[in-house]
Amino acid sequence: MQIEFSPLSIKPAPVHIVPVFADRRLDSAGLHPDTVADAERILTSPGTFEGKTSEVLTVPGTANGMLVLIGLGKPEALNALACETAGGRLAKALSDQKLARAELVLHLPADAALSSSQAAAHLAHGALLKSYKFDKYKTAKTGEGPFLSIRVADAAAAERAFAPMRESAAGAYFARDLANEPPNALYPETMLQRLIAELSPLGVKIRALSEDDMREKGMGALLAVAQGSAKKPYLVTMEWDGTGGRQKDLPIALVGKGVTFDTGGYSIKPAAGMDQMKFDMGGAAAVVGAIRSLAGRKAPVRIVGAVGLVENMISGNAYRPGDIVTSMAGKTIEINNTDAEGRLVLADVLTYVQREFKPAHIVDLATLTGACRVALGTAFAGVFSNDDDFAAAIMQAGAAVHERGWRMPLDDIFNRAMKDTPYADLVNAASIGGGASTAAEFIKEFIEPGVKWTHLDIAAMASGASGHPTLPDKIGNGFGVRLLDRLIADRFEEKAPAASPTPAPAP
Ligand code: BES
Ligand code: MN
Ligand code: ZN
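Anyway, here's the lowdown on the structure attached to this text. Remember, predicted model here, so these are calculated numbers, not experimental data.

With the exception of glycine, most residues fall at negative phi, and the peptide bonds are largely trans. Here aspartate 23, not a glycine, exhibits a phi torsion of approximately 60 degrees, which is positive. Among the structural elements, aspartate 23 can be located in the loop between β2 (15–21) and β3 (25–26). Judged by its relative accessible area of 70%, aspartate 23 falls in the exposed class. Positioned with a positive phi, lysine 298 is a non-glycine residue whose angle comes to about 50 degrees. Given a relative accessible area of 60%, lysine 298 falls into the exposed group.

Put into structure tokens, the structure is as follows:
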């Protein structure tokens with residue numbers, strides 16, 4: 001979708017978008033009188049449109065062509081998420097109706113909680129996020145999608161407010177672009193190349209450990225997963241420092257599961273739906289996308305992202321159920337299910353990140369268990385944490401961007417199940433139920449004392465959902481990018497010193 005902001009002026013457009021507030025309130029400033037008359041006629045017929053957030057109504061054949069009503073709810077309750085939601089619903093309606101051009105006049109009443117230009121920027125952000133398409137492999141391209149022109153009193157202020165949102169959205173777009181690539185095109189080495197091409201120009205320092213490097217460091221868990229594939233694995237770290245070297249201690253590291261395809265290995269997955277396992281790098285995509293967002297908007301924070309990129313395949317060299325491997329941390333693991341590979345990858349990436357960078361906080365994201373999907377569906381990511389405040393901060397950041405999480409239990413019962421073997425320190429899969437929690441307990445075994453850690457199981461969230469306000473329907477969606485971006489902005493960025501305020505731009 002292309003988006004432009006321009007000043008208020010009453011000009012005819014083929015598609016008019018008119019915001020309606022709660023109780024069918026209309027603000028007629030900047031609207032053509034015929035448009036106002038049409039909108040009022042529709043709003044007076046009972047039951048058609050209330051003006052609630054996320055309502056959209058398209059009405060063809062009015063005096064000025066197509067009329068699209070979008071609900072914004074109560075003006076005094078308007079916030080970023082409500083505007084994003086309205087923008088997302090609008091984008092969906094425009095694309096469903098195959099409308100090439102549309103014009104929105106945004107003039108908020110005096111009691112609105114946001115300025116018109118802020119609201120315009122958030123609305124544009126939601127529309128941009130929702131309208132993502134992946135048509136790279138279609139020979140007939142659908143083009144850049146609808147052109148949305150937003151008319152607002154102070155178009156320059158809207159443009160300024162939108163600039164960092166465009167960068168944030170670019171992070172989500174990057175994550176989605178990676179996730180939706182087919183697994184024959186996107187595998188560890190090509191994913192690494194894409195990261196370098198996208199992030200290096202933004203000033204992100206990228207380091208990649210090769211298979212030999214990882215063998216030398218004793219990463220027997222990650223390498224066991226990788227050994228059945230003809231594709232070489234990589235462990236990639238991405239460092240962004242927007243503090244100019246001031247921040248010596250690393251406040252937070254982001255870790256992602258990057259299984260570019262998960263066949264299950266010899267504990268093979270059923271045929272139906274196996275194609276979906278190209279999305280098994282969704283955690284890594286979220287981490288990479290978040291780093292893209294932060295670097296793009298030059299966030300004042302020092303941060304490290306780390307992803308384990310491997311492919312879980314079957315071959316004469318693949319790992320077997322019954323194998324015992326030694327992780328970088330030194331713990332031995334009996335493989336009782338080759339399909340529980342994500343936790344093996346995370347174990348070694350987590351150890352490496354903690355030894356190399358000494359982060360105070362770690363959040364890991366992984367499409368880890370079908371069990372989490374059973375528990376929470378596509379409504380929530382599973383949240384597992386050893387620190388209540390940190391978990392709460394993550395859920396709050398998620399709620400603010402509608403990438404929601406729900407706290408799930410860690411417990412000694414689950415922990416004991418992961419140690420229930422005569423042969424090694426740990427097993428990689430348990431059979432006591434609670435599969436999302438046993439997986440989380442396994443990962444916890446690799447968290448060093450004092451580190452505040454939260455694990456997000458995004459198995460059901462990273463692809464396939466429909467009806468989300470700002471994520472695209474059905475395809476790989478970059479879930480987690482915005483949650484992380486928001487978490488960093490709220491909790492981890494250096495705040496500008498209050499003593500020397502820079503003059504605020506005119507509202
Ligand atoms: N990548 C899968 C989890 C998954 C399932 C993601 C469905 C998205 C949709 C993971 O590697 C896996 O296979 N987990 C197993 C663990 C089990 C063998 C202990 C699972 O959930 O069945
Ligand atoms: Mn698996
Ligand atoms: Zn997997």
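Protein-derived coordination of the manganese ion (ligand 2) comes from Asp262 (OD), Asp339 (O), Asp339 (OD) and Glu341 (OE), at a distance range of 2.0 to 2.2 Å. With 6 donor atoms in place around the manganese ion (ligand 2) and angles of 70 to 166 degrees between them, the coordination shape is irregular. Positions of the donor residues of the manganese ion (ligand 2), expressed as sequence spacing, correspond to D-x76-D-x1-E. Between the two metals, the manganese ion (ligand 2) and the zinc ion (ligand 3), the spacing is 3.1 Å, and aspartate 262 donates to both. Residue aspartate 262 is located in strand β10 (residues 252–262), and its partner aspartate 339 is located in the loop between β13 (332–334) and α9 (342–357); the two are separated by 77 residues in the primary sequence. Accessibility expressed as a relative area gives 2% for aspartate 262, which makes it buried. For aspartate 339, a relative accessible area of 22% gives the class partly exposed.

This next bit is on the site of ligand 1. Taken together, the neighbourhood of ligand 1 is formed by 16 residues, with Lys269, Asp280, Asp339, Glu341 and Gly370 sitting nearest. Between ligand 1 and lysine 257 there is a distance of 3.2 Å, counted from an oxygen atom to a side-chain nitrogen or oxygen. Aspartate 339 is positioned such that a nitrogen or oxygen atom in its side chain is 2.8 Å from an oxygen atom of ligand 1. Within the complex, 80% of the 520 Å² of free accessible area of ligand 1 lies under protein. Among the secondary structure elements, those contributing two or more residues to the shell around ligand 1 are β10 and α10 (370–376). Considering only residue class, the shell around ligand 1 consists of 4 nonpolar, 4 polar and 8 charged.

Now for the nonpolar core. In a soluble, globular protein the nonpolar side chains are often hidden away together inside. Formed by 96 residues in total, the largest nonpolar core has its most connected members in Phe5, Leu148, Leu195 and Met238. For this core, the element with the highest residue contribution is helix α4 (residues 155–180), accounting for 10 residues. Counting 44 residues, the second largest nonpolar core, distinct from the first, contains Leu209, Ala221, Ala253 and Met418.

As a further point, take the packing of α9 against helix α13 (residues 435–444). Taken N-terminus to C-terminus, the directions of α9 and α13 make an angle of 25 degrees; their axes are 9 Å apart at the nearest point. As judged from the angle between their axes, α9 and α13 are roughly parallel. Note on packing geometry: the crossing formed by α9 with α13 is right-handed. Contacts between α9 and α13 pair Arg343, Leu344, Leu346, Ala347 and Leu350 from the former with Ala439, Phe442 and Ile443 from the latter. Among the residues making up the contact of α9 with α13, the classes are represented as 7 nonpolar, no polar and 1 charged.

This brings us to the pairing of strand β9 (residues 234–241). Working note: regular strand, side chains alternate between the two faces of the sheet. The element β9 is largely enclosed, with a buried count of 7 among its 8 residues. Bridge count for strand β8 (residues 205–209) against β9 is 5 bridges, and the pairing is antiparallel. Residue alanine 208 lies in a different strand from β9, and its bridge partner there is valine 236. Across 8 bridges, the pairing between β9 and strand β11 (residues 302–312) is antiparallel.

Here we come to the pattern of salt bridges. In total, this model carries 34 salt bridges according to the counting rule given. One salt bridge connects glutamate 181 with lysine 136, and the closest N-O pair in it is separated by 2.4 Å. Taken as a pair, glutamate 181 in the loop between α4 and α5 (188–199) and lysine 136 in the loop between α3 (116–130) and β7 (147–151) lie far apart in primary sequence, 45 residues in all. Residue lysine 136 is classed as partly exposed on the basis of its relative accessible area, which comes to 44%. Across the pair glutamate 198 and arginine 292 runs a salt bridge, and its minimum N-O distance is 2.8 Å. Residue glutamate 198 is found in helix α5, and its partner arginine 292 is found in helix α8 (residues 282–296); the two are separated by 94 residues along the sequence. On the basis of relative accessibility, which here comes to 11%, the residue arginine 292 falls in the buried class. Taken together, the shared-partner salt bridges connect Lys205, Arg207, Glu239, Arg302 and Glu356 into one network.

Scoring rules and cut-offs
- Residues numbered from 1 in each chain as written.
- Chains lettered and ligands numbered in written order.
- Predicted model: local features only at pLDDT ≥ 70, side-chain atom pairs only at ≥ 80, totals over all residues.
- Heavy atoms only, no water.
- Helix = DSSP H or I, 4+ residues; strand = E, 2+ residues; numbered from the N terminus.
- Buried < 20%, exposed > 50% of the residue type's maximum accessible area, 1.4 Å probe, protein only.
- Donors = N, O, S within 2.8 Å, 3.2 Å for Na, K, Ca; no water.
- Tetrahedral: all angles 85-135°; square planar, octahedral: opposite > 155°, others 65-115°.
- Near = heavy atom within 4 Å.
- Polar contact = N/O pair within 3.5 Å; in protein donor to acceptor, adjacent residues only side chain to side chain.
- Areas by Shrake-Rupley, 256 points an atom, 1.4 Å probe, with all protein chains shown as cover.
- Nonpolar A, V, L, I, M, F, W, Y, C, P; charged D, E, K, R; others polar.
- Core = buried A, V, L, I, M, F, W, Y, C linked by side-chain atoms within 4.5 Å.
- Axes fitted to C-alpha atoms, helices over the stretch in contact; angles between N-to-C directions.
- Parallel < 35°, antiparallel > 145°, perpendicular 65-115°, else oblique.
- Left-handed = near helix turned anticlockwise from the far one by under 90°.
- Contact = heavy atoms within 4.5 Å.
- Pairing = 2+ DSSP bridges.
- Salt bridge = Lys/Arg side-chain N within 4 Å of Asp/Glu carboxyl O.

So, to be careful, I would describe these as geometric facts and stop short of saying anything about function.
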